[in-house]
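Listed below are the residues making up each chain.
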Amino acid sequence: MTPSAAALSLVNRLKFKHLALLVALDDTRNVHQAADQVNVAQPSASRMLGDIEDAFGFRLFERNARGMTPTALGAVVLAYARRALAELTRFAEDLDVKRKGGHGQLTVGAIMGAAPDVLALAVAALKTERPLLNVRILGETSDQIVQLLYRREIDLALARLTTSLQHNDFHFELLARETLVLVVRTRHPLARRAEVSLAELVQWPWVAQPVTSPARVLFEEELAQAGLNTPANLTECGSVFATLQLIETYDAVAMLPESVVRDHVRGKLLVALPLEIGKSLPGYGILLRKEEALPEAAHHFVNLLRRFSQPMADAPARPPNH
């Protein structure tokens, strides 16, 4: 299809430096700070923004006393700018690896619950077979990882769908179920209790995932079914590593994947509480963008994930305190 005159004009005028400025403006909502990020003077950044808006034929930002806010059409342009820059960055990195004698790049988003088992085994096998392949692993929770997949910052994901409409954009292939356990530090007053109720637990401090994560949604649903409110003393934390550090530091409760806390429980840094929770949490699996061919390395990695997830799917559930 022949591009329209308007499309050709836009292609001829728009540069990647312009896209970098747009992303910086979206991040900072301030021309001076954005100019610093892209290493140009503030007057130059203002002229560049004017040129960009002239090229598109509409305003991308509303200017006000508190900064800048994207217009409705501006938000569409900003989303494209992020995707285009991510694609260019990954292309440049992959090209650099090849120039230095390497063999490509693979970027994977993965929830931390999959990291100690399926992901670790698949990456170890991949790096044994292809030691010069540059592998990057990003993300912590499914909501974060899905956004990386939307923005094309990763090739594939090991996560869950987080909304009912995402099946329109992604293929999902179930790999494994994930057992969640409630944990506290060994000095917590509840650590040696033979029984504990959810009503009692919500009176204690909690470290919980952000409200957009599937595990947090499940937690809130279980509280609602029990007629309980969200714990009043709650710290939201999207990092599993930071959550582990927090609950080992003070008397808080956290709900974490069994695979993540397994070694901490064995090492007597944490204690799994005798209360089952999260039985209805959907399993995690491979998420791929629809209508998009996978790079060869990503396709091979998917096959490794399938291979190493099968024994876990067949194995019986493991008690959290063993």
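What you are looking at is a predicted structure, and each value in this text was computed from that prediction instead of being measured.

**Brief notes about the confidence of the model for the chain**
For the chain, the mean per-residue pLDDT works out to 86, and 90% of the residues sit at or above 70. A low-confidence stretch, residues 315-322 (pLDDT under 50), is modelled with nine contacts involving residues beyond four sequence positions or located in other chains.

**A closer look at helix α11 (residues 258-266)**
Most of α11 sits out of view: seven of its nine residues are buried. Burial in α11 covers these residues: E258, S259, V260, V261, R262, H264 and V265. Packed against the buried residues of α11 are α6 (115-129), β7 (180-185), α10 (240-247), β10 (253-257) and β11 (270-272). Immediately downstream of α11, the backbone of K268 shows phi near 60°, a positive value.

**Details of the sheet that holds strand β6 (residues 170-176)**
What holds strands together in a sheet is hydrogen bonding between their backbones, with the strands either parallel or antiparallel. Spatially, the five strands line up as an open sheet ordered β4-β3-β5-β12-β6, and their pairing is mixed. Strands at the two margins of the open sheet, each flanked by one partner only, are β4 (134-138) and β6. Strand-to-strand, the axes of this sheet are offset by a mean angle of 20°, without reference to chain direction. The strands touched by α6 are β3 (105-110), β4, β5 (156-159), β6 and β12 (284-289); relative to β4, the strand with the most contacts, the crossing angle is about 165°.

**Here's the deal with unusual backbone geometry**
Negative phi values dominate among residues other than glycine, just as trans dominates among peptide bonds. Of note, R152 is a non-glycine position whose phi angle comes to about 60°, a positive value. Checked against the element boundaries, R152 lands in the loop between α7 (142-150) and β5. When its relative accessible area of 26% is taken as the criterion, R152 is described as partly exposed.

**Brief notes about the side chain of T141**
Residue placement: T141 occurs in the loop between β4 and α7. The buried category is assigned to T141, whose relative accessible area is 3%. A distance of 2.6 Å separates the side chain of T141 from the side chain of D143, its partner in a polar contact. Discounting residues that sit within four places of it in the chain, T141 has contacts with I111, Q209, S213 and G238.

Quick notes on the rules
- Residues numbered from 1 in each chain as written.
- Predicted model: local features only at pLDDT ≥ 70, side-chain atom pairs only at ≥ 80, totals over all residues.
- Heavy atoms only, no water.
- pLDDT = per-residue confidence, 0-100.
- Contact = heavy atoms within 4.5 Å.
- Buried < 20%, exposed > 50% of the residue type's maximum accessible area, 1.4 Å probe, protein only.
- Helix = DSSP H or I, 4+ residues; strand = E, 2+ residues; numbered from the N terminus.
- Pairing = 2+ DSSP bridges.
- Axes fitted to C-alpha atoms, helices over the stretch in contact; angles between N-to-C directions.
- Polar contact = N/O pair within 3.5 Å; in protein donor to acceptor, adjacent residues only side chain to side chain.

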